[in-house]
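# Coordinates in review
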Amino acid sequence: MAGADDSAEMISGPTGGNFMRIPIFVFFKDLRSVFKRDELGMEILRIAFPAALALAADPVASLIDTAFIGHLGAVEMAAVGVSIAIFNQASKVTIFPLVSITTSFVAEEETLKRMSEKLQQQEDDVAKPCNKAGNEITKAAKLDETSMIENLDKGSMTLAKDEAKLDERPNDEELKTTSCKCVDEAPIVSTNKGKTKKNERRHIPSASTALILGGVLGLIQTLILIFLAKPLLSVMGVKSGSQMLAPALKYLIIRSLGAPAVLLSLAMQGVFRGFKDTKTPLYATVAGDLTNIILDPILIFACRLGVSGAAISHVLSQYLISLILLCKLMKQIDLMPPSLNDLQFSKFLKNGFLLLARVIAVTICVTLAASLAARLGATSMAAFQVCLQVWMTSSLLADGLAVAGQAILACAFAEKDYRKATAAAVRVLQMGFVLGLGLALFVGLGLEFGSGIFSKDKNVIRMIAIGIPFVAATQPINSLAFVFDGVNFGASDFAYSAYSMVVVSIASIGSLFVLFKIKGFVGIWFALTIYMFLRTFAGIWRMGTGTGPWRFLRSRRSSTSIV
């Protein structure tokens, strides 16, 4: 396999020796070029930076939203908090698999389509000289025939010669004109074809499938949240006699009406990510969030709608985001497939269920850790919640690199460009690790001197100080774990991502119970550190051993050993 040999040669380097041919050492390739502003580095930044901003825009808007609702009172604030938790948890189950699969499949199809068009263009370019040569041969044959007639007529009368010459001139002109037309017509046709292709909307079956699934899943989520609102709130502790029930019920039911817009917008964001376009989703997200911020005080206070106004403003903003993305997407692709056979439901559902299992495994670990912290009392739970939010918020920046890695790798694997696939994976992982080191310093100092922002309770601040070393020290590991997710998804290694996460989750749950009994609050953070370390190790093991889609990393080493 030529691509594998080329990539392995690039990895080993001219002076790397045989040990550098071992796949695990690929992670140390070109360490000095981590932030080099070359073509690959700029491509990663062009995708990662807008993606990170778009991911950060929604939490910022939610904080502002929460600030407005907080002015309504403590009951309303608590009620909305519970409703948002239910809505987000229901959305998370479907959003993550849908977006991840859509990004990879669209990137692969777009790349294969582009390669097919390029191949067709090359065939057309090869055909042009052949047609031109045929025209030249025809012209030469006609000229030879004219020359023979002239030679036969040399012994004729002078008048006949003159007439023959007069007859020849129009023929020559006609030949020249015909030849010019043949030469000129070819590029004219080619130009028209080029214009047609440029203006023609592309047909991407994965995009159409993703939008249909997004709409259907959104409607299902809406129906579930509306008809099961009371039971779900009861599970979350909002019983029938609680003062929070009425406002929580209002907010959850109205907010659930926006579920189709949320799922559709995120499905379309997956399509744009597959096109390596993260700017369009950023602009749409910012427009929607600004609308939400503007409408909040108007509907909540001016129109006196209270929590209902907050929910309405959020729903309208989500439909605005979907509308902007839909209008942009309709200009680029044909949303209606030629036939139902072109849709890829089986492919989406197969990999979707794998990622669903992965999401459940991740959710169980984090939820169990929170429930164990709650058993320690309100002070420990408050400190744990602050540390957990800071711990997970750092993932937003790493997720930007994960999106970039996924899109670039999906295209590279579709092209069988293993050199670029390896270089892109290594670069985003190295960037993620350096980013994690920076975050460790920032988060450590930030929590050390700024924990008073989150609480005025001295006991809570004391517990936060206990969690700071874990939150800060694990930032490099966290960043690597999140970037490895993008690398695995870009390689379409969904099965390994799901199964490895289930194994990691089982091991982490066991460590949570054991360490909680031994160390309490500190034990929970020790277990979460183990959990993130195992996630990172799973990613390193797959690529570092050259297994699965990374088998090509071992081909060069094998051939060298044989020689």
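These numbers were taken from a predicted model, which means no experiment stands behind them. (Residues numbered from 1 in each chain as written. Predicted model: local features only at pLDDT ≥ 70, side-chain atom pairs only at ≥ 80, totals over all residues. Heavy atoms only, no water.)

Time to look at the overall build of the chain. A tally of regular secondary structure across the chain gives 19 helices and zero strands. Expressed as a percentage of contacts within the chain between residues at least 6 apart in sequence, the contacts between residues at least 24 apart total 85%. (Helix = DSSP H or I, 4+ residues; strand = E, 2+ residues; numbered from the N terminus. Contact = heavy atoms within 4.5 Å.)

On to the environment of Val443, then. Relative to the helices and strands, Val443 resides in helix H14 (residues 418-450). Residues Val443 and Val390 lie 53 residues apart in sequence; the distance between their C-alpha atoms is 7.7 Å. Excluding anything up to four places from it in sequence, Val443 contacts Val390, Val471, Ala472 and Gln475.

Moving on: helix H9 (residues 279-302). Over its 24 residues, H9 runs 34 Å from end to end, which matches the ideal 34 Å to within 8%, given 1.5 Å per residue. Along its length, H9 reaches its greatest deviation from straightness, about 35 degrees, at Leu295, and the proline Pro297 lies no more than four positions downstream. Residues of H9 that are buried: Thr280, Pro281, Leu282, Ala284, Thr285, Gly288, Asp289, Asn292, Asp296, Leu299 and Ile300. Count one or two residues on from H9 and you reach Arg304, which has phi positive near 55 degrees. (Expected span 1.5 Å × (residues − 1). Bend = angle between axes of the 7 residues up to and from the residue. Buried < 20%, exposed > 50% of the residue type's maximum accessible area, 1.4 Å probe, protein only.)

A few words on the packing of aromatic side chains. Under the criterion given, the structure shown has 16 aromatic pairs. Aromatic side chains Phe25 and Phe28 sit 6.4 Å apart centroid to centroid with 50 degrees between the ring planes, which places their arrangement in the tilted category. Ring centres 5.8 Å apart and planes at 25 degrees place the aromatic pair Phe489 and Phe494 in the stacked group. Side by side, Phe489 and Phe494 carry an identical accessibility label, which is buried. Among the aromatic residues, those joined into a cluster by ring pairs are Phe96, Phe105, Phe348, Phe489 and Phe494. (Phe/Tyr/Trp six-rings, centres within 6.5 Å; stacked < 30°, edge-to-face > 60°.)

Let us now look at unusual backbone geometry. The phi dihedral of Lys416 is positive, around 60 degrees, even though this residue is not glycine. Its identity as a non-glycine residue notwithstanding, Ser492 has a phi of 55 degrees, on the positive side. Relative to the elements of secondary structure, Ser492 occurs in the loop between helix H16 (475-490) and helix H17 (494-519). Overall, the relative accessible area of 28% leaves Ser492 in the partly exposed class.

To continue, consider the nonpolar core. If you look at the biggest cluster of nonpolar residues, it comprises 70 residues, and the most contacted ones within it are Phe384, Ile524, Trp525, Met543 and Trp550. With ten residues, the top contributor of residues to this core is H14. Counting residues in hydrophobic clusters, the runner-up holds 43 residues, among them Phe105, Ala207, Ala229 and Leu266. (Core = buried A, V, L, I, M, F, W, Y, C linked by side-chain atoms within 4.5 Å.)

Another point: the side chain of Gln269. Mapped onto the elements, Gln269 comes out in helix H8 (residues 259-274). Non-local contacts of Gln269, meaning those with residues more than four positions away in its chain, are made with Pro281, Thr285 and Leu325.

What follows is about the pattern of salt bridges. Applying the stated criterion to the full structure yields eight salt bridges. Arg427 is the salt-bridge partner of Asp38, the closest N and O atoms lying 2.9 Å from each other. Of this pair, Asp38 sits in the loop between helix H1 (2-12) and helix H2 (39-70) while Arg427 sits in helix H14, placing them 389 residues apart in sequence. Relative accessible area serves as the criterion here: at 8%, Arg427 is assigned to the buried category. The residue Arg535 makes a salt bridge to Asp485 at a minimum N-O spacing of 2.8 Å. Residue Arg535 is located in helix H18 (residues 521-544), and its partner Asp485 is located in helix H16; the two are separated by 50 residues in the primary sequence. (Salt bridge = Lys/Arg side-chain N within 4 Å of Asp/Glu carboxyl O.)

Distances and angles like these do not, on their own, reveal function.
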